[in-house]
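Okay, here's what each chain looks like letter by letter:
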Amino acid sequence: MALLPLTADELLSTTRTVRKRLDLTRPVERELLEECLDLALQAPTGGGVQGWHFVVVTEPERKRAISDLYRKSKAKNDPPSTPPEHRRSMDSSAYLAEHLHDVPVLVVPCVEGRIENAPFMVQAVTWGSILPATWSFMLAARARGLGTAWTSLHLEYEREAATVLGIPYEQVMQVALIPVAYTIGTDFKRGPRIATGERVHWDRWDGATTSG
């Protein structure tokens, strides 16, 4: 498949979280996924150790089982009410949860080792390694007309998900769940964001307030 005619800046600024515009009816070719994964494995590593793994889930029964865990976690963790400014996002999130098992591909990025009880620096090095690799996968997918969304709700039941996918829980940590599908249209725009001046600090933190 030919790449979308996007500049590097356009690719970086239009790779959105895609939920409602995932094409649930069109299969995603294995060769295309392998291209994206090859690029993901070229990402820079944290600590010089490439302990990354990607579990690609296409079997309907496994997708259903993982999706059920995702929905169970969402029901447990959703806030009782949603502010008006967040309703669109929550509606989109609810749509994805309802249809997650219908998404052609679910990708679970993993990293060797468990760090929940590790010192903060060890955690930072680990996350700083697998996150760039996963983002590279998502960028490569966008360039090929595929949509993705970084989700993490299923991690509430990571051990159960490990059993479904045959992941050795004690040795390998799941870090996300990425639904992957062709998008309905490819005309994604830049997202609304807080002005750069409100989030960038030169030399020291000065004259800014947090959003909390």
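Here, the structure is the one placed above.
Overview of the structure.

Basis of the calculations
- Residues numbered from 1 in each chain as written.
- Predicted model: local features only at pLDDT ≥ 70, side-chain atom pairs only at ≥ 80, totals over all residues.
- Heavy atoms only, no water.
- Buried < 20%, exposed > 50% of the residue type's maximum accessible area, 1.4 Å probe, protein only.
- Helix = DSSP H or I, 4+ residues; strand = E, 2+ residues; numbered from the N terminus.
- Pairing = 2+ DSSP bridges.
- Core = buried A, V, L, I, M, F, W, Y, C linked by side-chain atoms within 4.5 Å.
- Contact = heavy atoms within 4.5 Å.
- Patch = residues over 30% accessible without salt bridge, like charges linked within 9 Å, V, L, I, M, F, W, Y side chains within 5 Å.
- Areas by Shrake-Rupley, 256 points an atom, 1.4 Å probe, with all protein chains shown as cover.
- Salt bridge = Lys/Arg side-chain N within 4 Å of Asp/Glu carboxyl O.

### Section: the pairing of strand S5 (residues 178-182)
Where burial is concerned, most of S5 is hidden: five out of the five residues are buried. In terms of strand pairing, strand S2 (residues 105-112) meets S5 through three bridges, oriented antiparallel. Each residue of the ladder has a partner; that of Leu-106, found in S5, is Pro-179. Alignment of strand S3 (residues 146-148) against S5, held across three bridges, turns out to be antiparallel.

### Points about the nonpolar core
Counting residues in each nonpolar core, the largest one holds 26 residues, and the members touching the most others are Phe-54, Val-107, Phe-137, Leu-146, Ile-178 and Val-180. Elements supplying a minimum of two residues to this core: helix H2 (30-40), strand S1 (52-57), S2, helix H5 (120-143) and S5. Here this core takes six residues from H5, the largest share from any one element. Once you skip the residues sitting within four places of it in the chain, Val-180 turns out to touch Val-28, Leu-33, Val-103, Pro-104, Val-105, Val-107, Phe-137, Leu-146, Gly-147 and Thr-148. Ranked by size, the runner-up nonpolar core spans 24 residues in total, among them Leu-96, Leu-100, Cys-110 and Ala-161.

### Some remarks on the environment of Pro-119
Residue position: Pro-119 is located in the loop between S2 and H5. Judged by relative accessible area, Pro-119 falls into the exposed class, the value being 53%.

### Considering the pairing of S2
Extensive coverage of S2 is indicated by the burial of seven of its eight residues. When S2 meets strand S4 (residues 172-174), the two strands line up antiparallel, connected through three bridges. Each bridged residue has a counterpart across the sheet, and for Val-111 the counterpart in S4 is Met-173.

### With respect to a nonpolar patch on the surface
A cluster of nonpolar side chains, namely Trp-127, Leu-131 and Trp-150, defines an oily patch on the protein surface of about 250 Å² accessible area. Position of Leu-131 relative to the elements: it lies in helix H5.

### A look at the pattern of salt bridges
Per the stated rule, a full pass over the model turns up eleven salt bridges. For the salt bridge of Lys-74 with Asp-78, the shortest nitrogen-to-oxygen distance reads 3.1 Å. Salt-bridge contacts for Glu-158 lead to Arg-114; the nearest nitrogen and oxygen are separated by 2.7 Å. Highlighted residues: Glu-158 in helix H6 (residues 158-165) and Arg-114 in the loop between S2 and H5, separated in sequence by 44 residues. Of the residues examined, Glu-158 reaches a relative accessible area of 9% and is grouped as buried.

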